[in-house]
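As a plain string of letters, each chain reads:
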Amino acid sequence: MVVLLTDPHANALPVGGFLAHRFQLDNGLTLIHQQVPTAPVVTVDVWVKAGAIVEPEPWAGMAHFLEHMVFKGTDQLPPGSFDYVIESRGGMTNAATSHDYAHFFINTAAADLPDTLPYLAELLLNAAIPDDEFELERGVVLEEIRQSLDDPDMLGFQALVESAYLRHPYGRPILGHAADLLERSPEEMRQFHRAHYQPENMTVVIVGNVDWELTLDLVHRYFSAFSPRVECPAPRIEPEHPLTEIRRQEFELPDLGLARLMMAWVCPGVDALRSAYGLDLLSVILAGGRTSRLVRELREERQLVQDIGGGFSLQRDSSLFTLTAWLDPAHLDVVEAIIGDRLSELTHTPIVPAELARYKRLLQNDYAFSTETTNQLAGLYGYYNTIAQAELSAQYPAVIRSFETNELQNLAQQYLSPLRYAVTVMKPC
């Protein structure tokens, strides 16, 4: 079914299965709305193109730190009052920062939208970033960094992405480094906020049992008075060179029960979305459940690993295909060699139709299960509109259905070489 955006001012791009309106305000802000009459709730999810990727390198961690500081109030809204307004109505709120975005959401009863949306807009547009709150919250963020350094899986993954991305900011930790954050000032954060929290960088997604007219009126009213833009030091973003070898690093950690084998391949981003979806399909064929190839062979049959899993992270500029195994250190070499052999098999041995059909069905079902609630839909639309375009989110099931084995073989050959990848090994001391 092809659904047209029905508002005459919306971007009238017909895309099968996309059930929302996408509308751009005169100031450049994007509004995405979908009414769900069966849901008595509403999700407001505001996405900002102000993730770690836009930080100048000395300011690494600023985007995530700002996410914390947004909730510290404005000149009109004391710290804590926003949380009180939301929670007193039985709602909830949270936020997250990644390389490509920061986003802030609230879930409330649909009838409470006119009373809650103004508070979220006030925080995002007019964050005061008070000096005293800045110093207090910096301690919280520094503790997050310390905790991440105590987590072997987080430590290993960060080392892996730093090895995979030698040039691009995707290799930098989202939390930043403690030494850098200690050098930052409240005024620099205000500068970062006023440079990036601008309407053309912002997507407001509202999904639930609220109609279009009310939604548009509220967003027009409360997302119009942005602070004047200021200049901010620009990041240096360089394209990542393709891997030409195996980039290996090994660490020994005390009190590590099992070794970790972490492998990564840099893959296409949203500019080659079909290829990215094909690699997502390959990730579940290899390590997406008990019957997947590597899980079945390495864990169930040969018992060489305690567990193994795969992942595909779609990002704007480039994506990351990963495999992680938890195992006895004595099995590291043989497991890595088997993984290399199975990647080689993907390029010259066709995937049998029954296996391909099973994993296509698995991903389509996962997509269906992940678009059942208002917050899931709002997150999906906001994420895609931040890194590409919201309507593309509806294409995923049809694209997955369309893959044939020869195209997947070509993708494996092009992107999943057993001779070109980043690998991080962690062993017990």
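Residues numbered from 1 in each chain as written. Predicted model: local features only at pLDDT ≥ 70, side-chain atom pairs only at ≥ 80, totals over all residues. Heavy atoms only, no water.

Enquirer: Explain unusual backbone geometry here, please?
Expert: A negative phi holds for most residues other than glycine; trans holds for most peptide bonds. A positive phi angle is found at I129, which is not glycine, with a value near 55 degrees. Summarising the element assignment, I129 is placed in the loop between helix 3 (113–126) and helix 4 (131–149). Residues other than glycine seldom take positive phi values, yet D255 does so here, at roughly 60 degrees. Mapped onto the elements of the fold, D255 is located in the loop between strand 9 (246–253) and strand 10 (259–268). (Helix = DSSP H or I, 4+ residues; strand = E, 2+ residues; numbered from the N terminus.)

Enquirer: In this structure, what is going on with the side chain of D45? I would like to understand it.
Expert: Along the chain, D45 falls in strand 5 (residues 41–48). Here W47 takes part through its side chain, which lies 3.2 Å from a polar atom of the side chain of D45. Within the structure, the side chain of D45 is placed 2.8 Å from the side chain of H103, a separation counted as a polar contact. Beyond its immediate sequence surroundings of up to four residues, D45 is in contact with H103, F104, F105, T203, V204, V205, A378 and G379. (Polar contact = N/O pair within 3.5 Å; in protein donor to acceptor, adjacent residues only side chain to side chain. Contact = heavy atoms within 4.5 Å.)

Enquirer: What is the right way to look at the pattern of salt bridges in this model?
Expert: Oppositely charged side chains may form a pair once their charged atoms are brought near each other. According to the stated counting rule, one finds 27 salt bridges in the structure shown. Look at the salt bridges and you will find they share partners, linking R290, R299, E300 and D307 into a network. (Salt bridge = Lys/Arg side-chain N within 4 Å of Asp/Glu carboxyl O.)

Enquirer: How should the packing of helix 10 (residues 293–301) against helix 11 (residues 332–348) be read in this particular structure?
Expert: Relative orientation and spacing of two packed helices are given, respectively, by the angle between their axes and the distance between those axes. Between helix 10 and helix 11, the least distance of the axes is 11 Å, while the angle of their chain directions is 150 degrees. Taken as axis vectors, helix 10 and helix 11 run roughly antiparallel relative to one another. Pair helix 10 / helix 11 crosses with right-handed handedness. In this structure, helix 10 contributes R293, L294, E297 and L298 to the contact, and helix 11 contributes V335, I338, I339, R342 and L346. Among the residues making up the contact of helix 10 with helix 11, the classes are represented as six nonpolar, no polar and three charged. (Axes fitted to C-alpha atoms, helices over the stretch in contact; angles between N-to-C directions. Parallel < 35°, antiparallel > 145°, perpendicular 65-115°, else oblique. Left-handed = near helix turned anticlockwise from the far one by under 90°. Nonpolar A, V, L, I, M, F, W, Y, C, P; charged D, E, K, R; others polar.)

Enquirer: I would appreciate a short explanation of the sheet that holds strand 6 (residues 92–97) in the present structure.
Expert: Strand-to-strand pairing in sheets goes through backbone hydrogen bonds, with the strands running parallel or antiparallel. As summarised here, the arrangement of the six strands in space is 3-4-8-5-7-6, forming an open sheet in which the pairing is mixed. Two strands close off the open sheet at either side, each with one partner strand: strand 3 (21–24) and strand 6. Across the sheet, the axes of successive neighbouring strands diverge by a mean angle of 15 degrees, strand direction being ignored. Pairing of strand 6 with strand 7 (residues 102–109) involves six bridges; the strand directions are antiparallel. Bridge pairing in strand 7 places A95 opposite F104. Helix 1 (residues 62–70) contacts strand 6 and strand 7 of the sheet and is inclined by roughly 160 degrees relative to strand 6. Set on the sheet, helix 3 makes contact with strand 5, strand 7 and strand 8 (202–208); between it and strand 7 the angle comes to about 165 degrees. (Pairing = 2+ DSSP bridges.)

Enquirer: Would you mind going over the sheet that holds strand 12 (residues 318–327) with me for this structure?
Expert: Strand order in the open sheet formed by five strands is 9-13-10-12-11, with mixed pairing between adjacent strands. Across the chains shown, the open sheet's two edge strands, defined by having one partner strand only, are strand 9 and strand 11 (307–313). Across this sheet, the average inter-strand angle for adjacent strands is 15 degrees, counted without regard to direction. For strand 11 and strand 12, the ladder comprises seven bridges, and the chain directions are antiparallel. Residue pairing across strands places G310 opposite L323, the latter belonging to strand 12. Lying over the sheet, helix 5 (residues 152–164) contacts strand 9, strand 10, strand 12 and strand 13 (421–428), oriented at roughly 150 degrees with respect to strand 13.

Enquirer: Explanation requested: the packing of aromatic side chains in the structure shown.
Expert: Ring pairs (aromatic) are described by centroid distance and by the angle formed between their planes. This model, assessed by the stated rule, comprises 15 aromatic pairs. The interplanar angle of 50 degrees and the centroid separation of 5.9 Å between the aromatic rings of F71 and F104 together place this pair among those described as tilted. Remark: F104 occurs in strand 7 and F71 occurs in the loop between helix 1 and helix 2 (81–87); sequence separation between them is 33 residues. In this structure, F71 and F104 share a single accessibility class: buried. Members of the aromatic cluster, joined through ring pairs, are W47, Y101, Y383 and Y384. (Phe/Tyr/Trp six-rings, centres within 6.5 Å; stacked < 30°, edge-to-face > 60°. Buried < 20%, exposed > 50% of the residue type's maximum accessible area, 1.4 Å probe, protein only.)

Enquirer: Would you take a moment to explain the nonpolar core for this structure?
Expert: One broad rule of soluble globular proteins: the nonpolar side chains tend to lie buried together. The biggest cluster of nonpolar side chains holds 70 residues, and the ones touching the most others in it are Y197, I206 and F223. Among the elements that make up this core, the one with the highest residue count is helix 3 (seven residues). When near neighbours in sequence (up to four residues on either side) are disregarded, I206 contacts L31, I32, H33, Q34, V42, T43, V44, L113, L117, T215 and V219. (Core = buried A, V, L, I, M, F, W, Y, C linked by side-chain atoms within 4.5 Å.)

Enquirer: Could you clarify how one ought to interpret helix 7 (residues 186–196) in this entry?
Expert: Since the α-helix turns once every 3.6 residues, residues separated by three or four places project in the same direction. Most of helix 7 sits out of view: eight of its 11 residues are buried. Those residues of helix 7 that fall on the buried side of the exposure criterion are P186, E188, M189, R190, F192, H193, A195 and H196. In this structure, the buried residues of helix 7 make contact with strand 5, helix 1, helix 3, helix 4 and helix 6 (178–183).

Enquirer: It is not clear to me how the pairing of strand 8 should be interpreted in this structure. Could you clarify?
Expert: Across a regular strand the side chains alternate sides, sitting on one face of the sheet and then on the other. Taking burial as the measure, the seven residues of strand 8 include seven buried ones, the bulk of the element. Of the two faces of strand 8, the one holding M202, V204, I206 and G208 and the one holding T203, V205 and V207 are both buried throughout. With six bridges joining them, strand 4 (residues 30–35) and strand 8 adopt parallel strand pairing. Considered in strand 8, the bridge of H33 is made with I206. Where strand 5 and strand 8 come together, seven bridges link them in antiparallel fashion. Directly across from T43, in strand 8, lies its bridge partner V207.

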